[in-house]
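# Fold and contact review
Given next are the chains, with one letter for each unit.
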There are 2 protein chains.
Amino acid sequence: MSSSATNWPYSIGQVQDLLQAHDIQCTQQRLEIAMLLFRQPQHLSADDILMQVNQAGHVSKATVYNTLGLFARKGLVREVIIDPNRVFYDSNLDAHHHFYNVDTGTLTDIDAGALEITHLPELPDNTSMDGVDVIVRVRNSH
Amino acid sequence: MSSSATNWPYSIGQVQDLLQAHDIQCTQQRLEIAMLLFRQPQHLSADDILMQVNQAGHVSKATVYNTLGLFARKGLVREVIIDPNRVFYDSNLDAHHHFYNVDTGTLTDIDAGALEITHLPELPDNTSMDGVDVIVRVRNSH
DNA sequence: GTCAGTGCAAACCCTTTGCAGAAAG
DNA sequence: CTTTCTGCAAAGGGTTTGCACTGAC
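These figures come from a predicted structure and were not determined experimentally.

Residues and elements named next belong to chain A. Here the domain parsing of chain A yields domain 1 (12–90) and domain 2 (96–138). Look at where the C-alpha atoms of domain 1 and domain 2 centre, and you get two points 23 Å apart. Per-residue buried area on domain 1 facing domain 2 is highest for His-43, Arg-78 and Ile-82; these three make up 66% of the total on that side. Residue Asp-133 pairs with Arg-78 through a salt bridge whose shortest N-O separation is 3.4 Å. Put simply, domain 1 and domain 2 have seven residue pairs in polar contact (both at pLDDT 80 or more) between them. Those elements that place two or more of their residues in the side of domain 1 that touches domain 2 are β2 (78–83) and β3 (86–90). Take the side of domain 1 that touches domain 2: its biggest share by element is four residues, from β2. Considering only residue class, the side of domain 1 that touches domain 2 consists of three nonpolar, one polar and four charged.

With that out of the way, let us pick up the pairing of strand β5 (residues 106–111) of chain B. Residues and elements named next belong to chain B. Across six bridges, the pairing between strand β4 (residues 96–101) and β5 is antiparallel. Of the residues in β5, the one forming a bridge with Asn-101 is Thr-106. With antiparallel pairing between neighbouring strands as the criterion, β4 and β5 make up a hairpin whose turn holds four residues, including Gly-105 at a positive phi of roughly 75 degrees.

On to the relation of the copies chain A and chain B, then. Rotating chain A by 180 degrees and translating it 0.0 Å along the rotation axis places it on chain B, where the RMSD comes to 0.1 Å. The transformation relating the two chain copies, once decomposed into turn and shift, fits a two-fold axis. Interface overlap between copies: 100% of the residues of chain A at the interface are likewise at the interface in chain B, consistent with a symmetric, same-surface contact.

Cut-offs applied
- Residues numbered from 1 in each chain as written.
- Chains lettered and ligands numbered in written order.
- Predicted model: local features only at pLDDT ≥ 70, side-chain atom pairs only at ≥ 80, totals over all residues.
- Heavy atoms only, no water.
- Domains from an automatic or database assignment.
- Buried area = accessible area lost by both parts, 1.4 Å probe.
- Salt bridge = Lys/Arg side-chain N within 4 Å of Asp/Glu carboxyl O.
- Polar contact = N/O pair within 3.5 Å; in protein donor to acceptor, adjacent residues only side chain to side chain.
- Helix = DSSP H or I, 4+ residues; strand = E, 2+ residues; numbered from the N terminus.
- Nonpolar A, V, L, I, M, F, W, Y, C, P; charged D, E, K, R; others polar.
- Pairing = 2+ DSSP bridges.
- Least-squares fit on C-alpha atoms with pLDDT ≥ 70 in both.
- Contact = heavy atoms within 4.5 Å.

Written as C-alpha cells, this is what we have:
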C-alpha cells in the first residue's frame, strides 16, 4: 500500500527521479524546493518554504507559489487545507490523516491504517471519489 | 444526539432564542444574518450572506464578517474550511460530515450516523478532542 | 449615559498574474 | 533556436482593522 519505499531524507537522485516520475521538468529551483520538502515527511506553508529556501540560495516568491501549485497538481505533494490563513504542503506520500491543533496550528500525521471508516454512504450522483480526508481537531488541555 | 429538535426554517422567535442561548446579544443585523442562515441547513460563504442580506435591507461587509466570526466563536454555526478561497458557515448544528465537489465547490452533508470511524489513535500529548471532520472529496465523472 | 455594535474605507496578507529576461532541451 | 521557467513588481480577492457614529440597555 506504501507508494514510497523510502528512507528519509531523499537523496538528490531520488528527488530527481521523483520529479521525473511525476512528469515535472527538473530545474534548479524545483529541485531545491523538492529537496526541502523531502528532507522528511512534513507540512510546510508556502512562506515556510520561501524562507527556508532563501537561507542558502534564492528563489522568488512567485516561483515558490507556482512550483508548489505544480507539485500539487502533479500529485507530488498534497495540499492540506485546514487553516484559513495558509495552505500546507504535505510531503508524506502515504495515505494518512491529520491531527490539527487549533491552538498552535500544528499538524500531526495519523497513519491511515490506524483509523477505519465504515458505512460511507454512496456518492452524490455523477461524481467519483477523489479522496477522503479526516481531520481530528484537538486543543491544548489548558 | 440531535441538539436541534428543529423544523426548518426557524421562526424569528426560535432564532432569537438561539442567539440568547448562545450568549449573543440580539441586534437587527445579527438577527437578519441568523434568519438567513437558519432558513435551512446550508453552507454559505461570507460573500453569499453579504449579497443575500443586502437584497432586502443593508448590512455592511465588516458587520457580516464580524458577525459570522462571532457566531462561529459562540458555537452557533460551524466554520467549514475546505476551499482555500473562502470559509463556509454551516447552519446544520447536528454532527455530520461533508462531501466536497472539487469541480463545483459544492458542499453536501453526510449524516454522522451514516459513517463510522473506528480505531482512532490516541491524541497527541496534553491535548483534548475538539471534533472530527471527515471530508470526502468527489469530482464530476467527466 | 455608558458600553457594545455598526458602517465605511483603508489596510492586510496570502496568492496570482503580466511581462521581460534567463535557462533548458 | 524554441519553448518553458524564473523574477520582479503590481494586481487580486477574501478578511480584518481603525475610528467615528448609532443603537441597545
